[in-house]
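The residues making up each chain are set out below.
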Amino acid sequence: MAVNVSPTTIDKRMKKRYALSSHITRILEEAGFKYYEKIYWVKQSGIGKGASNSIKSKNPLYFGVNQHVEEIILVTKGKINAEELKEKLKYKYKTSFFEKHIRPYLSSVWTIYVNPRYRYHQFAFPPKLVEVALNCFTLPGETVLDCFAGGGTTGAVAKTLFRNSILIERKKENISIIRENILKGCNNIQTIKQTDITREIKATYKEVEVEYHEEITDSSV
Ligand SMILES: C[S@@+](CC[C@H](N)C(=O)[O-])C[C@H]1O[C@@H](n2cnc3c(N)ncnc32)[C@H](O)[C@@H]1O
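Procedures and definitions
Residues numbered from 1 in each chain as written. Predicted model: local features only at pLDDT ≥ 70, side-chain atom pairs only at ≥ 80, totals over all residues. Helix = DSSP H or I, 4+ residues; strand = E, 2+ residues; numbered from the N terminus. Buried ≥ 20, exposed ≤ 12 C-beta atoms within 10 Å, placed from the backbone. Contact = placed C-beta atoms within 7 Å. Axes fitted to C-alpha atoms, helices over the stretch in contact; angles between N-to-C directions. Parallel < 35°, antiparallel > 145°, perpendicular 65-115°, else oblique. Left-handed = near helix turned anticlockwise from the far one by under 90°. Core = buried A, V, L, I, M, F, W, Y, C linked by C-beta atoms within 7 Å. Nonpolar A, V, L, I, M, F, W, Y, C, P; charged D, E, K, R; others polar. Pairing = 2+ DSSP bridges.

**Describing the overall build of the protein chain**
Then, number 1: Regarding its fold elements, the protein chain presents six helices and eleven strands.
Then, number 2: Evaluated residue by residue, the protein chain yields a buried proportion of 13% over its 221 residues.
Then, number 3: Counting contacts in the protein chain only where the partners sit at least 6 residues apart, residues at least 24 apart contribute 53% of the total.

This is the structure we're talking about:
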């Protein structure tokens, strides 16, 4: 599992700053996950235009840093079935694909800038970040879960890489954005079933059948 977090978060109620990734790592370990690795994602260059925060203060006691890095914590859980692993290890990328799409990211620092014009969702991951993560850690045909789906970038990219996806998002207003992103680039889009709380759509993406199933539960606020 990969968990993307900012280095620092502020609990306004407690007036306290937290090193978020250390806290999350401890929580994940308590939940039975094993820490594997950490990747620093450099999401923007320098502190000029395009940086998330402007210079906070000119007073030497109150300099704040612009956060242009996030952390991706990699953890594992459970045992891998030996037979399943044997099958998975048969899958190898072609050398040209490996050199272009994997080798540059065999590093604990991934430099993938956020395009300020990219407007699927205010907190959207750049599609390239999802692409790299899926290429590095999943195989085609596998299922990716994003339980903080936002604008659905994970699902949209998963489809282009021929992975299935399950997305969970608490804001109802994001659902139509997610649907649009998932079906982008698809042909033969047909609604098979539609009620107030479910929608099933069939489509094709590069000759592969896409089955889109949407469900709005009571817990969607
Ligand atoms: C930073 S965005 C995620 C970006 C996203 N992964 C993407 O691919 O673009 C975080 C999203 O998580 C959603 N969220 C926060 N808490 C949640 C929860 N408990 N259950 C489901 N979604 C949640 C927020 O509404 C927000 O849209």
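Now that the structure is up, let's keep going.
**Observations concerning the packing of helix α4 (residues 127–137) against helix α5 (residues 153–160)**
Then, number 1: At a minimum axis distance of 9 Å, the contact between α4 and α5 shows a crossing angle of 55°. Overall, the two elements α4 and α5 adopt an arrangement that is oblique. In this structure, the crossing between α4 and α5 has a hand that is right-handed. Residues P127, V130, E131 and L134 of α4 lie in contact with α5, whose contacting residues are T153, T154, V157 and A158.

**So, the nonpolar core**
Then, number 1: Residues L129, V130, A133, L134 and V157 are the most contacted members of the largest nonpolar core, which totals 17 residues.
Then, number 2: For this core, the secondary-structure elements that each account for two or more residues are α4, α5 and α6 (175–183).
Then, number 3: By residue number, the principal contributor to this core is α4, which donates five residues.
Then, number 4: Those residues within four positions of V157 in sequence are excluded, and the remaining contacts are P127, V130, E131 and L134.

**Let's talk about the packing of α5 against α6**
For any two helices packed against each other, one specifies the crossing angle of their axes together with the interaxial distance.
Then, number 1: Where α5 meets α6, the closest approach of the two axes is 8 Å, and the angle between their N-to-C directions is 15°. Taken together, the axes of α5 and α6 are roughly parallel relative to one another. Of the two elements, α5 crosses α6, and the hand of that crossing is right-handed. Contacts from T153, G155, A156 and K159 in α5 reach I178, N181 and I182 in α6.
Then, number 2: Per-class residue counts for the contact of α5 with α6 are three nonpolar, three polar and one charged.

**Looking at the pairing of strand β2 (residues 8–11)**
Along any regular strand, the residues point their side chains to alternate faces of the sheet.
Then, number 1: Sheet analysis places β2 next to strand β3 (residues 16–19), joined by four bridges and oriented antiparallel. Residue pairing for β3: T8 is matched across the bridge by A19.

**As for the sheet that holds strand β10 (residues 198–205)**
Then, number 1: Here we have three strands laid out as an open sheet, ordered β9-β10-β11, and antiparallel in their pairing. Two strands in the sheet have a free side with no partner beyond their single neighbour: β9 (187–194) and β11 (208–215). Between one strand and the next, the sheet's axes are offset by a mean angle of 15°, whatever the strand orientation.
Then, number 2: Pairing analysis gives eight bridges linking β10 to β11, with the strands arranged antiparallel. Among the inter-strand pairings, K202 is bridged to a residue of β11, identified as E211.

**Re α5**
Then, number 1: The buried fraction of α5 amounts to seven of the eight residues, a majority that puts the element mostly inside the structure.
Then, number 2: Within α5 the residues assigned to the buried category are T153, T154, G155, A156, V157, A158 and K159.
Then, number 3: For α5, the elements touching its buried residues are α4, β7 (143–146), β8 (164–167), α6, β10 and β11.
Then, number 4: Positive backbone phi, at 60°, marks F162, one or two positions downstream of α5.

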